[in-house]
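The primary structure of each chain is shown beneath.
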Amino acid sequence: MINEKVHRRFMKLAIQLSEQNVDQGKGGPFGAVVVKDGKLIAKSANKVTSRNDPTAHAEVSAIRAACKKLKTFDLSGCVIYTSCEPCPMCLGAIYWARLDKIYYANTKVDAAVIGFDDQFIYEELDLEMNQRKLPIIQLMREQALIAFKKWEQSPLKIEY
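Criteria and thresholds
- Residues numbered from 1 in each chain as written.
- Predicted model: local features only at pLDDT ≥ 70, side-chain atom pairs only at ≥ 80, totals over all residues.
- Heavy atoms only, no water.
- Helix = DSSP H or I, 4+ residues; strand = E, 2+ residues; numbered from the N terminus.
- Contact = heavy atoms within 4.5 Å.
- Areas by Shrake-Rupley, 256 points an atom, 1.4 Å probe, with all protein chains shown as cover.
- Lys, Arg positive; Asp, Glu negative; His and termini not counted.
- Charge placed at Lys NZ, Arg CZ, Asp CG, Glu CD.
- Core = buried A, V, L, I, M, F, W, Y, C linked by side-chain atoms within 4.5 Å.
- Buried < 20%, exposed > 50% of the residue type's maximum accessible area, 1.4 Å probe, protein only.
- Disulfide = S-S within 2.5 Å.

K.L.:
When you look at the overall build of the protein chain in this model, what are you seeing that I'm missing?
P.N.:
When helices and strands are counted, the protein chain shows seven helices and four strands. When the helices and strands of the protein chain are placed in sequence order, the string is α-β-β-α-α-β-α-β-α-α-α. Expressed as lengths along the three principal axes of its C-alpha atoms, the size of the protein chain is roughly 55 × 40 × 30 Å. In the protein chain, the share of contacts with a sequence separation of at least 24, taken over all contacts with a separation of at least 6, comes to 48%. Of the roughly 11300 Å² of accessible surface on the protein chain, 57% is carried by carbon and sulfur atoms. Averaging the locations of the 23 positively and 19 negatively charged side chains of the protein chain gives two centres separated by 10 Å.

Structure (structure tokens):
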């Protein structure tokens, strides 16, 4: 069982990553750490601007590094410490990676105050697809269903 002192140590590391990222001009003020059984597995700061990758948030980057290190796409048994409450994309990635728990420092409101406001995404998700600002148009469903049918029957599939 991890005690409060250990939680604080990993959160301090996530916060340090966020500060260093700002100091070095490598991306936004966000850091994340993935831990398993009280041991550091992976860490990352936000890399959006340094990698020209809008998905390279600290949490997603740390998840990618942890999966690579552990050679798995399933991070069950791991927890993530993040310097800020995860955005919708990162929260989705955390769920898909099956992390056991999230510890966070700053809130999404704190992030909004400095220009990182994800509220519009939450609001868009509550709308019907035809009411969203970004047009979403379904096309060629019947053809696309072929791959789904193949997946259902494939002896090669690895379920996740």
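So, next bit.
K.L.:
In this structure, what is going on with the nonpolar core? I would like to understand it.
P.N.:
Among the nonpolar cores identified, the biggest contains 22 residues, and Val 34, Ile 63, Ala 66, Leu 75, Ile 80 and Leu 99 are the most heavily contacted of them. Elements with a contribution of two residues or more to this core: strand S1 (31–36), strand S2 (39–45), helix H3 (58–70), strand S3 (78–84) and helix H4 (88–97). Looking at which element gives the most residues to this core, the answer is H3, with six residues. Aside from chain neighbours lying at most four places away, what touches Leu 99 is Val 34, Ile 63, Leu 75, Cys 78, Val 79, Ile 80 and Ile 94. Core analysis: the next-biggest nonpolar cluster, separate from the first, contains 11 residues, Val 6, Phe 10, Leu 13 and Tyr 81 among them.

K.L.:
What am I meant to see in the state of the cysteines here?
P.N.:
In protein structure, a disulfide is the covalent linkage between the sulfur atoms of two cysteines. Scanning the entire structure with this criterion turns up zero disulfides. Of all cysteine sulfurs in the structure, the one in Cys 87 sits closest to Cys 84, which takes part in no disulfide; the separation is 9.0 Å. There is no disulfide at Cys 90, and the cysteine sulfur nearest it, in Cys 87, is 3.7 Å away.

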